[in-house]
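For reference, the chains in residue letters:
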Amino acid sequence: MKNSLKPLRIALTKGRLEKDTVALFEKIGYDCTAVRDKGRKLILPVGDSIEVVLAKAPDVITYVENGVCDLGVVGKDTIIENGSCFYEILDLGFGRCKFAVAGKKGVDCLAGFSTKTIATKYPNVTRRYFESKGMDVRVIKIEGSVELAPLLGLADAIVDIVETGTTLKENGLEVKEDVCPISARLICNTASLKLRKAEIEELAQKMEDAIND
């Protein structure tokens, strides 16, 4: 559907989610040549009705919340950790993984009554999870390889994203508990959904039909 005013602007998380979204757009029938041959450009046309903005995951949420992008594709992990002021309108089904608690293999790292130390890149997710279990934990924010924390004795366990579990196994760690599943989601600015409802619903329906197909 061609918009007479301006194209729908959609922020994509760079990397795997970007590639999977582009593949989905192509399945629907959109011309994604400009995105595939983007060079260093960050704002690119998809057909004549969509404009793609390439960004880091937390920034996708920032752009959508502040209305400079109508839509965004971002992982549920980023939504849980950072977001709130937007609509989550579609589970895109790709980028599947999970949040999990992990610790040293063969060690019951959460046993006992002492306060446990949990290292993570996702402090909000971690605090909420352990609060739901009635556990008082000390959370340490790690920016790099969170697997190092239990190996160095900094933490009893970690909360991280797990896809295959290979990195955990190679470092003598294992999943202790699953926290929640993760996949890519289509999110929408609250004002955009009111002002451009028909366009957004049409695009979301096309995406959902292509996923189900």
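First things first, this report covers the structure right here in the doc. Not measured: the values here are computed from a predicted model.

1. Some thoughts on the overall build of the protein
Here is step 1 of the chain: The helix and strand inventory of the protein stands at nine helices and eleven strands.
Here is step 2 of the chain: Projecting the C-alpha coordinates of the protein onto the three principal axes gives extents of approximately 65 × 35 × 30 Å.
Here is step 3 of the chain: Looking at the protein as a whole, 46% of its 213 residues qualify as buried.
Here is step 4 of the chain: Partitioning the intrachain contacts of the protein with sequence separation of at least 6 by distance along the chain shows that 67% fall at a separation of at least 24.
Here is step 5 of the chain: Total accessible area computed for the protein in this model is approximately 11,200 Å², and 49% of it derives from carbon and sulfur atoms.
Here is step 6 of the chain: Averaged over its 31 positive side-chain charges, the protein has a centre that lies 3 Å from the centre of its 32 negative ones.

2. Section: the layout of surface pockets
Here is step 1 of the chain: By volume, the largest pocket amounts to about 250 Å³.
Here is step 2 of the chain: Lining the largest pocket we find Ala57, Pro58, Asp77, Thr78, Glu81, Asn82, Lys121, Tyr122, Lys141, Ile142, Glu143 and Ile161.
Here is step 3 of the chain: Residue assignment for the lining of the largest pocket shows that the elements contributing at least two residues are helix 3 (57–65) and helix 4 (76–82).
Here is step 4 of the chain: Take the lining of the largest pocket: its biggest share by element is four residues, from helix 4.
Here is step 5 of the chain: Taken together, the residues of the lining of the largest pocket break down into five nonpolar, two polar and five charged.
Here is step 6 of the chain: Of the pockets and cavities examined, the second largest pocket occupies roughly 210 Å³.
Here is step 7 of the chain: Looking at the second largest pocket, it is lined by 15 residues, and the ones nearest its centre are Leu17, Asp77, Gly95, Cys97 and Ile161.
Here is step 8 of the chain: Listed by contribution, the elements that provide at least two residues to the lining of the second largest pocket are helix 1 (16–28) and helix 4.
Here is step 9 of the chain: Broken down by class, the residue content of the lining of the second largest pocket amounts to six nonpolar, five polar and four charged.

3. Comments concerning the nonpolar core
Here is step 1 of the chain: By size, the foremost hydrophobic cluster in this structure holds 29 residues, and its most contacted members are Ile10, Phe25, Val52, Leu92 and Leu186.
Here is step 2 of the chain: Of all the elements in the fold, those that place two or more residues in this core are strand 1 (8–13), helix 1, strand 2 (43–46), strand 3 (50–55), strand 4 (71–75), strand 11 (184–188) and helix 9 (197–212).
Here is step 3 of the chain: Ranked by residue count, the leading element in this core is helix 9, at five residues.
Here is step 4 of the chain: With residues near it in sequence (within four places) discarded, Val52 still touches Ile10, Leu12, Phe25, Val35, Leu42, Ile43, Leu44 and Val46.
Here is step 5 of the chain: Judged by nonpolar contacts, the second largest core, of 15 residues, contains Phe99, Val101, Tyr129 and Ile182.

4. Quick look at a nonpolar patch on the surface
Here is step 1 of the chain: There is a patch of nonpolar side chains on the surface, built from Leu148, Leu151, Leu152 and Leu154 and spanning about 380 Å² of accessible area.
Here is step 2 of the chain: Among the structural elements, Leu151 can be located in helix 6 (residues 148–151).

5. Here's the deal with the sheet that holds strand 5 (residues 87–91)
Here is step 1 of the chain: Here six strands make up an open sheet; going across it, the order is 2-3-1-4-11-5 and the pairing mixed. Each edge of the sheet is formed by a strand with only one pairing partner; in this case those strands are strand 2 and strand 5. Within this sheet the neighbouring strands show an average axis-to-axis angle of 30°, counted without direction.
Here is step 2 of the chain: Here five bridges tie strand 4 to strand 11, and the two strands are oriented antiparallel to one another. Bridge pairing in strand 11 links Gly75 to Ala184.

6. A closer look at the sheet that holds strand 9 (residues 157–162)
Here is step 1 of the chain: Read across the open sheet, the five strands follow the order 8-7-9-6-10; overall the sheet is mixed. Two strands in the sheet have a free side with no partner beyond their single neighbour: strand 8 (137–141) and strand 10 (173–182). Ignoring which end each strand starts from, the neighbouring axes of this sheet average 25° apart.
Here is step 2 of the chain: Sitting on the sheet, helix 5 (residues 123–132) touches strand 6 (97–104), strand 7 (116–120), strand 8, strand 9 and strand 10, and the angle it makes with strand 8 is about 170°.

Thresholds, definitions, all that
Residues numbered from 1 in each chain as written. Predicted model: local features only at pLDDT ≥ 70, side-chain atom pairs only at ≥ 80, totals over all residues. Heavy atoms only, no water. Helix = DSSP H or I, 4+ residues; strand = E, 2+ residues; numbered from the N terminus. Buried < 20%, exposed > 50% of the residue type's maximum accessible area, 1.4 Å probe, protein only. Contact = heavy atoms within 4.5 Å. Areas by Shrake-Rupley, 256 points an atom, 1.4 Å probe, with all protein chains shown as cover. Lys, Arg positive; Asp, Glu negative; His and termini not counted. Charge placed at Lys NZ, Arg CZ, Asp CG, Glu CD. 1 Å grid on protein atoms, 1.4 Å probe; cavity = no way out; pocket = protein on both sides within 12 Å on 5 of 7 lines; lining within 4 Å. Points joined across faces, edges and corners; volume = space filled by probe spheres on them. Nonpolar A, V, L, I, M, F, W, Y, C, P; charged D, E, K, R; others polar. Core = buried A, V, L, I, M, F, W, Y, C linked by side-chain atoms within 4.5 Å. Patch = residues over 30% accessible without salt bridge, like charges linked within 9 Å, V, L, I, M, F, W, Y side chains within 5 Å. Salt bridge = Lys/Arg side-chain N within 4 Å of Asp/Glu carboxyl O. Pairing = 2+ DSSP bridges. Axes fitted to C-alpha atoms, helices over the stretch in contact; angles between N-to-C directions.

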